[in-house]
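What follows is the residue order along each chain.
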Amino acid sequence: MVRTVRDERGDLLLYRFGRALDDGSVNQERWEREELPYYAAQIREAGVPTLMVNDLGTPELGHSHFGGAWVVGMGGSVRASVALVREGLLVCDLAG
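Attention in this report is confined to the structure presented alongside it.

### Comments concerning the pairing of strand 1 (residues 13–17)
Pairing geometry for strand 1 and strand 2 (residues 50–54), over 5 bridges, is parallel. In the strand pairing of strand 2, Phe17 is matched with Asn54. Read as a crossover between parallel neighbours, the route from strand 1 over helix 2 (residues 28–46) to strand 2 is right-handed.

As C-alpha coordinates, then:
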(Lines give C-alpha, C1' and ligand atoms only; values in the text may rest on other atoms or scores of the structure.)
Protein backbone atom coordinates (compact mmCIF):
# COMPACT_ATOMS: atom_id res chain seq x y z
CA MET A 1 0.00 0.00 0.00
CA VAL A 2 2.85 2.40 0.80
CA ARG A 3 4.27 1.99 -2.70
CA THR A 4 0.86 2.62 -4.28
CA VAL A 5 0.38 5.79 -2.23
CA ARG A 6 3.88 7.00 -3.13
CA ASP A 7 3.40 6.22 -6.83
CA GLU A 8 0.03 7.97 -7.01
CA ARG A 9 1.57 11.15 -5.53
CA GLY A 10 -1.54 12.28 -3.74
CA ASP A 11 -1.71 15.55 -1.84
CA LEU A 12 -3.10 14.01 1.33
CA LEU A 13 -3.88 10.57 2.75
CA LEU A 14 -6.73 9.93 5.17
CA TYR A 15 -6.00 6.79 7.17
CA ARG A 16 -8.81 5.50 9.38
CA PHE A 17 -8.05 2.39 11.39
CA GLY A 18 -9.11 0.34 14.41
CA ARG A 19 -6.12 -0.35 16.65
CA ALA A 20 -5.75 -1.79 20.13
CA LEU A 21 -2.64 -2.94 21.94
CA ASP A 22 -2.18 -6.71 22.15
CA ASP A 23 -2.52 -6.75 25.93
CA GLY A 24 -5.70 -4.66 25.84
CA SER A 25 -4.12 -1.76 27.71
CA VAL A 26 -4.43 1.91 26.88
CA ASN A 27 -0.96 3.32 27.32
CA GLN A 28 -0.16 6.67 25.71
CA GLU A 29 3.58 6.39 26.43
CA ARG A 30 3.82 2.90 24.94
CA TRP A 31 1.85 4.00 21.88
CA GLU A 32 4.20 6.94 21.27
CA ARG A 33 7.37 4.95 21.98
CA GLU A 34 6.63 1.62 20.25
CA GLU A 35 3.72 1.94 17.82
CA LEU A 36 3.53 5.47 16.44
CA PRO A 37 7.12 5.41 15.09
CA TYR A 38 6.15 2.45 12.88
CA TYR A 39 3.26 4.40 11.37
CA ALA A 40 5.44 7.51 10.97
CA ALA A 41 8.08 5.47 9.10
CA GLN A 42 5.44 4.18 6.68
CA ILE A 43 4.17 7.72 6.09
CA ARG A 44 7.72 8.96 5.51
CA GLU A 45 8.23 6.20 2.93
CA ALA A 46 4.92 7.03 1.23
CA GLY A 47 5.86 10.73 1.14
CA VAL A 48 2.31 12.01 1.65
CA PRO A 49 1.02 14.10 4.57
CA THR A 50 -1.42 11.88 6.44
CA LEU A 51 -4.43 12.38 8.68
CA MET A 52 -4.73 9.33 10.95
CA VAL A 53 -7.75 8.55 13.10
CA ASN A 54 -8.19 5.47 15.25
CA ASP A 55 -11.65 4.24 16.21
CA LEU A 56 -12.67 4.79 19.80
CA GLY A 57 -14.33 1.57 20.90
CA THR A 58 -16.69 0.87 23.74
CA PRO A 59 -16.34 -2.11 26.07
CA GLU A 60 -20.14 -2.56 26.00
CA LEU A 61 -19.86 -3.38 22.29
CA GLY A 62 -16.75 -5.51 22.74
CA HIS A 63 -14.39 -3.04 21.05
CA SER A 64 -11.03 -2.18 22.62
CA HIS A 65 -9.86 0.41 20.07
CA PHE A 66 -8.38 3.28 22.04
CA GLY A 67 -8.97 6.25 19.75
CA GLY A 68 -6.54 9.04 19.02
CA ALA A 69 -5.92 11.21 15.98
CA TRP A 70 -2.75 12.52 14.35
CA VAL A 71 -1.61 14.82 11.59
CA VAL A 72 1.69 13.44 10.32
CA GLY A 73 3.81 15.39 7.85
CA MET A 74 5.30 13.74 4.79
CA GLY A 75 8.63 13.49 6.65
CA GLY A 76 7.01 11.44 9.40
CA SER A 77 6.82 14.09 12.12
CA VAL A 78 3.63 14.46 14.17
CA ARG A 79 2.31 17.98 13.65
CA ALA A 80 -0.79 17.74 15.82
CA SER A 81 -2.61 15.07 17.79
CA VAL A 82 -5.49 14.15 20.05
CA ALA A 83 -4.51 11.84 22.91
CA LEU A 84 -5.76 8.29 23.24
CA VAL A 85 -9.22 7.74 24.74
CA ARG A 86 -10.20 11.39 24.28
CA GLU A 87 -12.93 12.76 22.14
CA GLY A 88 -11.80 15.94 20.49
CA LEU A 89 -11.39 18.09 17.46
CA LEU A 90 -8.01 18.08 15.74
CA VAL A 91 -7.15 21.35 14.03
CA CYS A 92 -3.95 21.82 12.05
CA ASP A 93 -2.90 24.26 9.33
CA LEU A 94 -1.77 21.91 6.56
CA ALA A 95 -0.37 24.76 4.46
CA GLY A 96 2.13 25.86 7.10
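### Digging into the layout of surface pockets
Computed from the structure, the largest pocket encloses a volume of approximately 250 Å³. Every residue lining the largest pocket is counted, 17 residues in all, and those nearest its centre are Val53, Asn54, Gly68, Ala69 and Gly88. If you list the elements that add at least two residues to the lining of the largest pocket, you get strand 2 and strand 3 (69–72). Element by element, the count of residues in the lining of the largest pocket is highest for strand 2, at 4 residues.

### A word on the pattern of salt bridges
Under the defined criterion, the tally for this structure stands at 7 salt bridges. With its nearest N and O atoms 4.0 Å apart, the salt bridge here joins Arg6 to Asp7. Arg19 serves as the salt-bridge partner of Glu35, at 2.5 Å between the closest nitrogen and oxygen. Highlighted residues: Glu35 in helix 2 and Arg19 in the loop between strand 1 and helix 2, separated in sequence by 16 residues. Overlapping salt bridges, with partners in common, bring together Glu29, Arg30, Arg33 and Glu34 in one network.

### Looking at the sheet that holds strand 3
What the 4 strands build is an open sheet, ordered 1-2-3-4; its pairing is mixed. Where the open sheet ends on each side, the last strands, each with one partner, are strand 1 and strand 4 (78–82). Geometrically, the sheet is characterised by an average inter-axis angle of 10° between neighbouring strands, direction not taken into account. Examined bridge by bridge, strand 2 and strand 3 share 4 bridges and lie antiparallel to one another. Along strand 3, the bridge assignment pairs Met52 with Trp70.

Calculation criteria
For every chain, the first residue of the written sequence is number 1, and numbering continues from 1 along that sequence. pLDDT decides what is reported in this predicted model: residues at 70 or higher carry local features, side-chain atom pairs at 80 or more are listed and counted, and totals for whole chains, interfaces and linings draw on all residues regardless. To obtain the side-chain values, all non-hydrogen atoms of the structure were used and water was disregarded. A pair of strands is considered paired only if DSSP assigns at least 2 bridges between the two. Each helix is a run of DSSP H or I of at least 4 residues and each strand a run of E of at least 2, with the numbering of both proceeding from the N terminus. A crossover counts as right-handed when, viewed with the strands pointing away from the observer, the path leading from the first strand over the helix to the second turns clockwise. Cavity means a closed set of points on a 1 Å grid over the protein atoms alone, one where a 1.4 Å probe fits but cannot get out, pocket means an open set with protein on both sides within 12 Å along at least 5 of 7 lines, and lining means a residue has an atom within 4 Å of a point. Grid points are joined across faces, edges and corners, and a volume is the space filled by probe spheres set on the points. Put simply, a salt bridge is a Lys or Arg side-chain nitrogen that is within 4 Å of an Asp or Glu carboxyl oxygen. Geometry is summarised by axes, namely lines fitted to C-alpha atoms with helices restricted to the contacting stretch, and by angles between N-to-C directions that run from 0 to 180 degrees.

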